[in-house]
Amino acid sequence: NDQHVLENNSLRVCLEILTRTSCITNMKRSDKMDLRKTIISMVLATDMAEHFRVVSQFSQKITQADMQPEAPLRFDQKLALLEMTIKLADIGHTTLLESEHVHWVTAIQEEFF
């Protein structure tokens, strides 16, 4: 699989750790599946190939005119909000002062190359 190579490796490690530890042992199967789906969605949202999908889904699901401030968010709305949050954290360094931005870009390049 040549898609999302770095993200899939991170997911593999993360999901292996979750299955080896006791932190999800007592969770209901449906909750485990929701957690797994959430983790996968959030990690894949950091791939720039998913940028426009993440932004579009956020716009569709979170900025809907029919949303009521008091109403709880649905699972798909929560997922869209989490994906956007992790995306902003992932690319937010681009809004920093140039010296701080260069620091983070250098750190990323050292990590992957």
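The sections below set out a description of the structure shown in this document. Nothing here was measured: the structure is a model prediction, and the numbers come from that model.

**Remarks on the environment of Cys 14**
- Along the polypeptide, Cys 14 turns up in helix α1 (residues 5-20).
- Here the alpha-carbon distance between Cys 14 and Ile 40, two residues 26 residues apart in the chain, equals 9.6 Å.

**Considerations on the environment of Lys 78**
- Take Lys 78: it is sitting in helix α4 (residues 75-91).
- Sequence separation between Lys 78 and Leu 96 is 18 residues; the distance between their C-alpha atoms is 27 Å.

**Quick word on helix α2 (residues 29-44)**
- An ideal rise of 1.5 Å per residue puts 22 Å on 16 residues; α2 measures up with 22 Å between its terminal C-alpha atoms.
- All buried positions along α2 are accounted for by Thr 38, Ile 39, Ser 41 and Leu 44.
- Among the structural elements, α1 and α4 are those in contact with the buried residues of α2.

**Observations regarding the state of the cysteines**
- Counted under the stated rule, the structure contains zero disulfides.
- Cysteine Cys 14 remains unbridged, with the sulfur of Cys 23 as its closest cysteine sulfur at 8.9 Å.
- What makes Cys 14 partly exposed here is its relative accessible area of 30%.
- On the basis of relative accessible area, Cys 23 is assigned to the exposed category, the value being 53%.

Cut-offs used in this document
- Counting starts from 1 at the beginning of each chain's written sequence and moves along it residue by residue.
- Restriction of local features to residues with pLDDT of at least 70 applies here, the model being predicted, together with a cutoff of 80 or more for giving and counting side-chain atom pairs; totals for whole chains, interfaces and linings are based on all residues.
- Neither water nor hydrogens contribute to the side-chain values; these are computed over all heavy atoms in the structure.
- Every helix listed is a DSSP run of H or I at least four residues long, and every strand listed is a run of E at least two residues long, numbered separately from the N terminus.
- A helix's residues, less one, multiplied by 1.5 Å, set its expected span.
- Under the scheme applied here, a residue whose accessible area is under 20% of the maximum for its type counts as buried, over 50% as exposed, and between as partly exposed, the area being computed with a 1.4 Å probe on protein chains only.
- Only heavy atoms enter the contact rule, under which two residues are in contact if any of them lie within 4.5 Å.
- Working definition: a disulfide is two cysteine sulfur atoms within 2.5 Å of each other.

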